[in-house]
Amino acid sequence: MSNHRIVGIDLGTTNSLVAFMQGDVPVVISGDDGLNLVPSVVALDENDQIIVGNAARKYLIETPERAVYSIKRLMGRGIEDIREELKLFPFRLAEDLQPGEVLRIKLGDKTFTPPEISAFILRQLKRNAERFFAAPVTQAVITVPAYFNDAQRQATKDAGRIAGLEVLRLVNEPTAASLAYGLDQKQNGILAVYDLGGGTFDISILKLHDGIFEVMATNGDTHLGGDDIDNLLITIALDDIQGDLGLDVRRNGEIVQTIRKAVIETKIALSSQPSAKLDIELPGGKRYQREITRQQFEDLIRPILDRTIAPCKQAMKDAGVTPKQIEEVVLVGGSTRIPTVRALVREMFRREPHTDLNPDEVVAVGAAVQAHILSGGSEVTQNMLLLDVTPLSLGIEVAGGVTDKIILRNSTVPASSTQHYTTQIDGQVNVAVHVLQGERELAKDCRSLARFDLKGIPPMPAGLPRIEVKFLIDANGILHVSAREQRSGKEAEIDVQPSYGLTDEQVESMILESFDSAEEDFRQRQVIEARNEAETILSALEKSKKSPAWGQLANGERKQIAKLEKALQEVKPQDDYQKIRRAIDALNQGTMRLAELMMDTAVTTALKGKTMEQVDMGESPETGHPVAKADFE
Amino acid sequence: MAAESKTVSSLAETGERACWSCGAPRAAQFCSACGKVQPPQSVDCFTFFGLPRKLNIDVTHLQREFYQLSRKLHPDLYGQTSKREQEWSLEQSSLLNDAYRTLKDPIKRTEYLLGLEGVELEEQSKKATETARDSGEIKKQVVPPDLLEEVFELNMQLEELRMNRKMGEDDPALIRELQAHKTEFEKKFEVLTQELKQYWDQWDRVVDVDQEEKRRQVRDKMVDVLNRRNYIRNLVRDVNEALGS
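What counts and what doesn't
Residues numbered from 1 in each chain as written. Chains lettered and ligands numbered in written order. Predicted model: local features only at pLDDT ≥ 70, side-chain atom pairs only at ≥ 80, totals over all residues. Contact = placed C-beta atoms within 7 Å. Helix = DSSP H or I, 4+ residues; strand = E, 2+ residues; numbered from the N terminus. Nonpolar A, V, L, I, M, F, W, Y, C, P; charged D, E, K, R; others polar. Buried ≥ 20, exposed ≤ 12 C-beta atoms within 10 Å, placed from the backbone. Core = buried A, V, L, I, M, F, W, Y, C linked by C-beta atoms within 7 Å. Axes fitted to C-alpha atoms, helices over the stretch in contact; angles between N-to-C directions. Parallel < 35°, antiparallel > 145°, perpendicular 65-115°, else oblique. Expected span 1.5 Å × (residues − 1). Arc of directions from axis to C-beta. Pairing = 2+ DSSP bridges. Left-handed = near helix turned anticlockwise from the far one by under 90°.

## So, the interface of chain A and chain B
- Contact with chain A, which involves 22 residues of that partner, is made by 17 residues of chain B.
- At three residues, the largest contribution of residues to the side of chain A that touches chain B is made by strand β18 (residues 385-387) of chain A.
- When grouped by side-chain class, the residues that make up the side of chain A that touches chain B number 14 nonpolar, seven polar and one charged.

## A word on the environment of Trp203(B)
All names here are of chain B.
- As for its position among the elements, Trp 203 is in helix α8 (residues 172-209).
- The exposure class of Trp 203 is buried, given the 24 C-beta atoms found within 10 Å.
- Each C-alpha atom of the pair Trp 203 and Leu 55 lies 7.3 Å from the other, and the pair is 148 residues apart in sequence.
- Excluding its chain neighbours within four sequence positions, the residues that come into contact with Trp 203 are Leu 55 and Val 218.

## Observations regarding the nonpolar core
Residue and element names in this part refer to chain A.
- Formed by 147 residues in total, the largest nonpolar core has its most connected members in Val 7, Ile 9, Ala 19, Val 42, Val 141, Ala 367 and Ala 368.
- In terms of residue count, helix α11 (residues 362-374) provides more of this core than any other element does, ten residues in total.
- Contact partners of Val 141, with chain neighbours within four places excluded, come to Ile 6, Gly 8, Ile 9, Leu 168, Arg 169, Val 171, Ala 367, Gln 370, Ala 371 and Leu 374.

## Some words on the packing of helix α5 (residues 173-184) of chain A against α11(A)
Residues and elements named next belong to chain A.
- Running from N to C, α5 and α11 cross one another at 80 degrees; their axes reach a closest spacing of 7 Å. The pairing of α5 with α11 is recorded here as roughly perpendicular in orientation. Across the interface between the two elements, Glu 173, Ala 176, Ala 177, Leu 179, Ala 180 and Leu 183 from α5 touch Val 362, Val 363, Val 365, Gly 366, Ala 367, Val 369 and Gln 370 from α11.
- Its residues placed into classes, the contact of α5 with α11 shows ten nonpolar, two polar and one charged.

## Let's talk about helix α15 (residues 577-590) of chain A
All names here are of chain A.
- In this model, α15 (14 residues) spans 20 Å end to end at C-alpha, consistent with the 20 Å of a helix rising 1.5 Å per residue.
- For α15, the set of buried residues is Tyr 577, Ile 580, Ala 583, Ile 584, Leu 587 and Gly 590. Each buried residue of α15 sits inside an arc of 145 degrees when the element is viewed along its axis, so together they form one side. For α15, the exposed residues lying more than 90 degrees away from the buried face are Gln 578 and Gln 589.

## Let's talk about the sheet that holds strand β7 (residues 67-69) of chain A
All names here are of chain A.
- Strand order across the open sheet formed by three strands is β6-β5-β7, with antiparallel pairing between neighbours. With one partner strand each, in any of the chains shown, β6 (50-52) and β7 form the two edges of the open sheet. The sheet shows a mean angle of 20 degrees between the axes of neighbouring strands, taken without regard to direction.
- Of the pairings in the sheet, the one linking strand β5 (residues 41-44) to β7 comprises three bridges and is antiparallel in character. Paired with Val 41 across the two strands is Tyr 69, which belongs to β7.
- Helix α1 (residues 54-62) rests against β5, β6 and β7 of the sheet, and its axis sits at about 70 degrees to β5.
- Against the sheet, helix α3 (residues 114-133) makes contact with β5, β6 and β7, and its axis sits at roughly 65 degrees relative to β6, the strand it touches most.

## Re the packing of helix α5 (residues 106-116) of chain B against helix α9 (residues 212-243) of chain B
Residue and element names in this part refer to chain B.
- As a packed pair, α5 and α9 sit with axes 11 Å apart at the nearest point and diverge in direction by 130 degrees. The orientation of α5 relative to α9 falls into the category oblique. By crossing handedness, the relation of α5 to α9 is classed as left-handed. Where α5 abuts α9, its residues Thr 110, Glu 111 and Leu 114 lie against Arg 219, Met 222, Val 223 and Leu 226.
- Broken down by class, the residue content of the contact of α5 with α9 amounts to four nonpolar, one polar and two charged.

## Looking at the sheet that holds strand β13 (residues 201-209) of chain A
All names here are of chain A.
- Pairing is mixed across the open sheet formed by five strands, whose spatial order is β17-β12-β13-β14-β18. On the outer flanks of this sheet lie β17 (328-332) and β18, each paired with one strand and no other. Neighbour to neighbour, the strand axes of the sheet diverge by 25 degrees on average, direction disregarded.
- Here strand β14 (residues 212-221) runs beside β18; their pairing, made up of three bridges, is parallel.

Have a look at this one:
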């Protein structure tokens with residue numbers, strides 16, 4: 001195995017996954033519960049320990065004030081952006097939140113920023129991968145919705161850093177899916193990826209050309225997905241309960257979460273059944289029961305699904321293609337399992353969508369493919385190259401509060417633009433710049449990315465300084481700014497104040513806390529695993545001493561084994577897992593001939609007419625062969 | 001690999017330099033001997049692709065060059081290299097993408113070339129925009145004289161339509177007239193596009209023979225056509241907005 005254990009991570013609104021290219025085959029790495037999907041749920045247990053994934057789900061119902069889901073919706077957003085979300089999601093904001101501060105969410109008595117909560121999920125995935133490799137994992141490719149803006153991307157990158165992961169690349173989810181698709185369908189042509197997930201919608205149109213994946217246009221809505229369907233059904237149920245049963249349970253977190261769980265089950269059932277039943281127990285012995293037919297469900301969610309149409313049309317227009325020119329439409333995201341979503345796609349693109357890929361896993365697989373490419377690749381990925389675009393136009397505010405667009409949406413990234421600034425007053429030493437993202441004419445209608453001052457301009461008469469500012473969007477879709485005063489040749493100083501997001505120092509302090517414990521966690525797990533393995537080998541050896549093979553060994557050989565056995569017993573209780581591993585390896589080596597002899601005996605015995613079971617192999621299937629060398633790396 | 005050698009030969013014109021890594025004479029963006037990315041140089045979009053400043057470009061060929069250069073310069077290929085090479089690859093591929101974007105669209109290409117020739121197009125001129133904004137006025141575009149009458153009439157109708165909308169009234173006759181006007185303008189737009197194409201051919205011929213006077217003439221004609229074309233494009237956009245289509 002190569003040294004580059006770069007994993008691919010799909011950090012989803014509802015579920016997250018980690019995948020890796022093992023040789024030429026992508027594998028999704030499961031958690032210790034054996035499941036590939038890690039629900040993006042984070043909870044604080046009664047001892048204030050962080051619980052992530054399936055294990056955290058029960059807290060949503062039992063102690064909803066100590067659990068959070070769909071945190072992705074809050075990534076890179078300010079308090080004024082999320083009023084709508086707060087109505088629909090049980091996010092509990094910290095009371096002492098200052099205006100302009102990064103959001104903080106309460107879990108029990110503690111507060112965490114959205115990047116920190118995402119980092120807990122990432123750390124869980126990191127651990128799962130470390131268990132898979134039995135080695136530390138420090139580098140990753142993480143996917144983001146294609147329509148994520150700069151702040152949302154930066155927040156995702158911060159989450160990676162906090163989790164102790166170097167994020168080598170952020171890849172857009174539909175693009176990642178196209179890589180996974182391209183891995184087994186090597187053909188040229190135009191491809192559309194329709195990605196309706198738990199919380200976000202993306203549409204991307206790509207041109208595939210001899211291994212080049214060129215995104216022609218992308219569009220979407222970062223707040224549109226399965227969550228919205230759930231919330232609609234929850235609202236209806238709550239209204240029903242109040243209307244029919246006279247109960248207002250809106251403020252009851254436990255009941256709301258119970259309803260949420262029930263409507264999700266109903267939603268999923270309706271993809272395969274013509275009708276499904278909601279049956280919810282309420283306080284005071286009351287019950288809420290309702291039968292929903294698929295037709296009713298489809299009528300209800302139609303307005304939500306219709307919101308995907310305009311982005312699709314815009315993307316086709318921007319790409320300059322008609323549905324006829326699109327050769328394949330790939331469906332991604334759990335919500336595309338809903339039959340009416342498929343019907344809508346069929347209608348819009350006038351063709352049967354491609355549904356062979358697992359819509360839950362394809363993005364993570366694509367991230368693993370990209371990770372593989374970044375680590376140097378192999379024959380299967382050698383020719384693959386991704387050329388992605390920036391989803392939103394980049395602009396700067398000019399006089400009159402108008403946005404002057406300097407990099408247009410759907411420009412291939414990396415992309416850059418050089419602007420020149422000057423001063424308006426004699427001796428002016430600072431120039432203020434306001435950077436925006438969005439398509440609207442007025443600055444106030446666009447997303448504010450950052451404000452910065454060009455400082456240290458040499459004092460000159462007005463209009464004389466010539467400051468060159470370079471805006472560069474990198475392959476992650478993240479903006480970098482640099483400036484130079486051309487007359488003096490001096491690098492102008494830039495003090496970028498991100499409008500939304502953590503400062504470097506904040507991220508740094510968060511890393512230190514969790515990174516230290518992550519390393520410690522990893523070490524402890526390694527010690528435990530090494531001890532378990534030592535235990536297995538020692539007991540297998542004990543048993544094999546009773547086998548005839550033991551007697552066939554030379555005296556010196558037996559002595560040597562005893563020496564190695566003693567050495568392992570000595571280091572086993574110590575805290576150094578590497579020492580334990582070395583002792584295990586030594587014993588494995590030392591018992592090689594013993595194992596061969598045992599194997600021979602077994603075969604001979606079998607030939608004599610005895611069954612294998614009657615022969616004491618010195619091991620039971622559960623404990624493993626004494627010489628089964630730990631197959632790590 | 002014919003495309004690569006072409007890039008190399010064009011570089012000879014802009015001044016060849018030695019590769020920082022292996023010392024061989026090299027292409028602008030990457031070393032043709034050892035393949036390593038080179039520090040970016042400030043060149044115009046035509047030079048970046050090793051093309052003369054001509055307006056007829058084979059876009060299929062350009063796309064092929066773009067893909068080939070992407071395979072040499074993209075940051076994904078520099079994941080395992082030094083920080084310095086990563087930065088160069090980032091800058092080089094941003095220059096590549098910017099240049100490809102500019103050249104693949106014939107109108108953008110023309111506007112860019114005119115910019116290189118020292119022309120500031122009305123619509124593009126940021127100075128004009130900012131002067132207008134500083135004085136608190138909406139930027140005025142000079143109405144092409146031959147369109148004066150029609151534009152006047154159209155603006156009257158648009159105003160009427162907006163008034164109607166405000167009052168909640170509907171005037172199908174007015175909408176029909178506006179649509180007819182729009183079709184008229186769209187035809188004119190197409191005529192101007194065709195006219196512009198003829199100037200591309202003329203331009204490419206004068207570039208070869210190096211006639212300063214002729215060159216200026218063609219340039220000025222293109223500026224005139226482009227300005228009128230942009231003006232009409234904005235008109236059509238306004239009508240579309242007013243009609244809500």
